[in-house]
Every structure is written in structure tokens, then in C-alpha cells.
2 protein chains.
Amino acid sequence: MKTLVLVSHPTLENSYSQQFLKRAVTEEKDVVWHVLDQVRPYDVATEQALSADADRVIFQFPFYWYSAPASLKEWEDTVLTRRFAYPDHGGALAGKELGLVLTLGLPAENYGVGQKERFSIDQLTTPFQALAAKLQMTFLPQFIVARFSDLSETQKQLLFTRYRRYLTQASLGHLQADLQWTTERLTSLKRRLTKQQSAQLQLILEQLNEGQAQLDALKTTLTMIRDSEDQ
Amino acid sequence: MKTLVLVSHPTLENSYSQQFLKRAVTEEKDVVWHVLDQVRPYDVATEQALSADADRVIFQFPFYWYSAPASLKEWEDTVLTRRFAYPDHGGALAGKELGLVLTLGLPAENYGVGQKERFSIDQLTTPFQALAAKLQMTFLPQFIVARFSDLSETQKQLLFTRYRRYLTQASLGHLQADLQWTTERLTSLKRRLTKQQSAQLQLILEQLNEGQAQLDALKTTLTMIRDSEDQ
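Residues numbered from 1 in each chain as written. Chains lettered and ligands numbered in written order. Predicted model: local features only at pLDDT ≥ 70, side-chain atom pairs only at ≥ 80, totals over all residues. Heavy atoms only, no water.

Chemist: Describe in detail the packing of helix H1 (residues 16-23) of chain A against helix H7 (residues 153-168) of chain A, supporting the description with residues and values.
Modeler: Any two packed helices are characterised by the angle at which their axes cross and by the distance between the axes. Residue and element names in this part refer to chain A. Their axes nearest at 9 Å, the elements H1 and H7 cross at an angle of 55°. One finds that H1 runs oblique with respect to H7. When the axes of H1 and H7 are compared, the crossing they make is right-handed. Across the interface between the two elements, Phe20, Leu21 and Arg23 of H1 pack against Lys156, Leu159, Phe160 and Tyr163 of H7. (Axes fitted to C-alpha atoms, helices over the stretch in contact; angles between N-to-C directions. Helix = DSSP H or I, 4+ residues; strand = E, 2+ residues; numbered from the N terminus. Parallel < 35°, antiparallel > 145°, perpendicular 65-115°, else oblique. Left-handed = near helix turned anticlockwise from the far one by under 90°. Contact = heavy atoms within 4.5 Å.)

This is the structure:
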């Protein structure tokens, strides 16, 4: 699965959170990190080819005035032409996934009806949801990074993994896919460990495997129960 | 009352609807027509002074991908600085009004839950509503111009007047203010008419005046009824 991360940020070099997220991507060979502010004015053909080549497109940006910075909007307005993107014309993005990675300067709880910012993130991102619907793309759950600088080291490590998962895991939010992704990642990690660490990791992997087998058995049982009820 | 119309449109010279709306503004001395795409990159101090000087600020744009073109977003992100605009800092726009004039390429009925575009205009413009709330501005009812080229001559004339009202009438949506605005406009028109036309207009004005007097009487009666009920 190929993922295109379109980063929109007018002062990227000053953003700790963006630099952090970028590090999570460096080792991912199927992820393209594409900074919009560095390629303006856009070469439409290049941008269209990049997005047509991806299975998952990520709009990543700091939440400025309840939306994306201008560079992303300009990308939408110049690259997503009718001929290229409308399903009754080119439909080049139909069937792909669209995800948002939002960095917030405020606590996430501030966004919601009755809260300080008055509207929820879900309400504020309706234009992107409408875009995905129009292009027949699947809109993914939004990935929110709130007040990055306040995160503890442990929280940052968790964010690192969650973010990689968001970019690279197929079938986001499905337990089986979660397990498979984790197993693959841990397995690829083994090569870099000492013998003792590797042995410990092997134990964890076997437990995950066992959990997976139990899940499969449970699923079979559930299917049998449902089938008998349907008769 | 002073009104600032911030027009955001990347190809303004090709837009019939924008040219039409501009004609409605030429004779309005208290309306500033300000084309954002012609003054990029923004001189922040100039833009801030312009908006601080207005009582009503209008964001006027074609609805591109369910939002405004990039030039307006760039204006928001560079001009509405924390120091200038946040109520706990400068609060330069607090107490003013914010209105949106949206031109749509599609019929207005297409926007809504269960309709082709899936979301209502009210849902899609939440980022602007949140902006107004944050800056303690009053968010006006939105002014929608759908499929301008399909309008009849009569519909265009009506649009012309409705638009001028939207830009210049204080207390939008209040019957008394509607009447006052109409009376003022008709009175100023009189000077340009022939004697016969002027006499006819005088009749209309007198009828409006009479209606106004009847309304006032009705209001007094209503107040009396309420007062007696409160006792």
C-alpha cells in the first residue's frame, strides 16, 4: 500500500511536531513525504501523478483558523481539476482513502459544541469530508495531534507508532489488521536487537500469534452460532 | 455604516457574477471593494487597517471545494494575527459583523443532508462561523448566489437590490430596518426621475410611510397588551 503525505505548513522548519512526524516516515519506503509549500506554484501534472499513484492520501497540516493553510487549498483548487478528479470524468482518486493529520495548538477537548471553540473537529472538517465524498474516496478517522510540546516522552513514542500505523496499515481500525501490522513491525525489528532482546521479543510474538489463533477460533464459533440462528 | 468587501477569486476578470456584483457597489460610497488576489502578498498593516475601519466585513468568493479560494485563507492566516484580532489581545474586529457572499456553480438545493453534495452550506461554512465566534463578531445570514448565469433579468435585478441591502443595511432582517432602507433608497432615486415618474414614486413613498405608521401603532398596542399581561 502506497501513502502520499501532503504536508501543508508555511513555517515547517520551525515546527517540532512536523519534524517529529517526519522522522517516523524516513524508514517507510512506501510513504512519500511531500511538502506543498516547497513546490509552489504547483506543477499540476506532477501533483496529479503523485496522488494518482497513492492508495492513501493524507492531508497533514496545523489547524489555522479552523482549516488548512492556504497552500493545501491552492493544491485542491489547482490539482483536483474536474477532468482529473470528478468520478464522471477521470475519477483518478476514486476508491482511494483520504486521511487528515491535524496538529492543534489547543487541547483537543476545546473543540466541541458547548466548548471554547464552539464546534467539534468533525464539524469543522466537513469541507474535507465533502471533498472525499465527491471524489468517491473513503474518509478515514482523523488523526489529531494536540499540544505536541506538552507530550511526555512515553506519549511521544506512542504517537510515533500510532502515526506510522495511520500511514501504513491497511484496514485501519480492524483488530485483525492491527494485530497483523504489529506482528510485522515487531518481526522486522528483531534483526536489530541483541540475542537476549530478540529472545524476549520472540516470546511476545508467540503470545500475539496465540491471541490471533484464539481470535480466529472465536470468530468461527460466532459464525456457527449466527448460522444456526438464521435457520 | 462602513462595509469592507474582501473578494477572493483567482480568475475574477472571467466571472460574470462578480462583475455584476461589483456594479452594485460602484455608487456606494461607504462600501470598499477590495480584491485580495490583486494585493498578494499582503501588506499586513494595510489589511488590518482596512478591516479595523469597517463595521461589516464581507468574505465574498466562489465556493471552491466547499470553501474559499486560497487567497482568502492566506488573508485570514496572515492578517488576523493573535495580537491584532484575538479579543484578549487587540480584539480589533470585536463587535463588528462578518458576512459571507458565496457564488455557487450548482443549484443551492444540492447542498444539504441527503442531497447530492451531502452537506448543507451551514455545515460547510463552520470554519467561518467559528472564526466569527472567536473574534466576537456577529455572523450574518449567508448570502448565496447560485447559478448566476441561469438567472432571468428580473431575478438579476432582485439580486442587485438584495445584494446592496446585504452590504449597506444596518440591522439586517429587521422589518423596520428593511422599510427604512427601502425608503431612503427610493428617496435618493427621485432626483433622477422625470416629473411624472417622480410623482408616482412619491405615491409609493407615502404608502410606505403609512405602512410604517401603522406598524408603529401596532407595536404600541402589542406592548400595551404584554404590559397588561405581565401585571
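So, next bit.
Chemist: Outline the pairing of strand E2 (residues 31-35) of chain A, supporting the account with residue identities and numerical values.
Modeler: All names here are of chain A. In terms of burial, E2 is largely enclosed, as four of its five residues are buried. Looking at chain direction, strand E1 (residues 3-7) and E2 are connected through five bridges and run parallel. Bridging from a neighbouring strand, Val7 pairs with Val35 of E2. In this fold, E1 hands off to H1, which returns the chain to E2; that crossover is right-handed. (Buried < 20%, exposed > 50% of the residue type's maximum accessible area, 1.4 Å probe, protein only. Pairing = 2+ DSSP bridges. Right-handed = clockwise from strand over helix to strand, strands pointing away.)

Chemist: Give me the interface of chain B and chain A: which residues, what numbers.
Modeler: Taken together, the contacts link 28 residues of chain B with 28 residues of chain A. Between chain B and chain A lies a buried interface of about 2,300 Å² when both sides are counted; carbon and sulfur atoms form 64% of it. Across the chain B-chain A interface, the total number found is four salt bridges. Where Lys134 of chain A meets Glu117 of chain B, a salt bridge forms, and the shortest distance between an N and an O atom there is 2.7 Å. If you look at where chain B meets chain A, you find 12 residue pairs in polar contact (both at pLDDT 80 or more). Of all the elements in the fold, those that place two or more residues in the side of chain B that touches chain A are helix H3 (70-79), helix H5 (121-124) and helix H6 (126-134) of chain B. Here the element with the most residues in the side of chain B that touches chain A is H6 of chain B; it accounts for seven residues. (Buried area = accessible area lost by both parts, 1.4 Å probe. Salt bridge = Lys/Arg side-chain N within 4 Å of Asp/Glu carboxyl O. Polar contact = N/O pair within 3.5 Å; in protein donor to acceptor, adjacent residues only side chain to side chain.)

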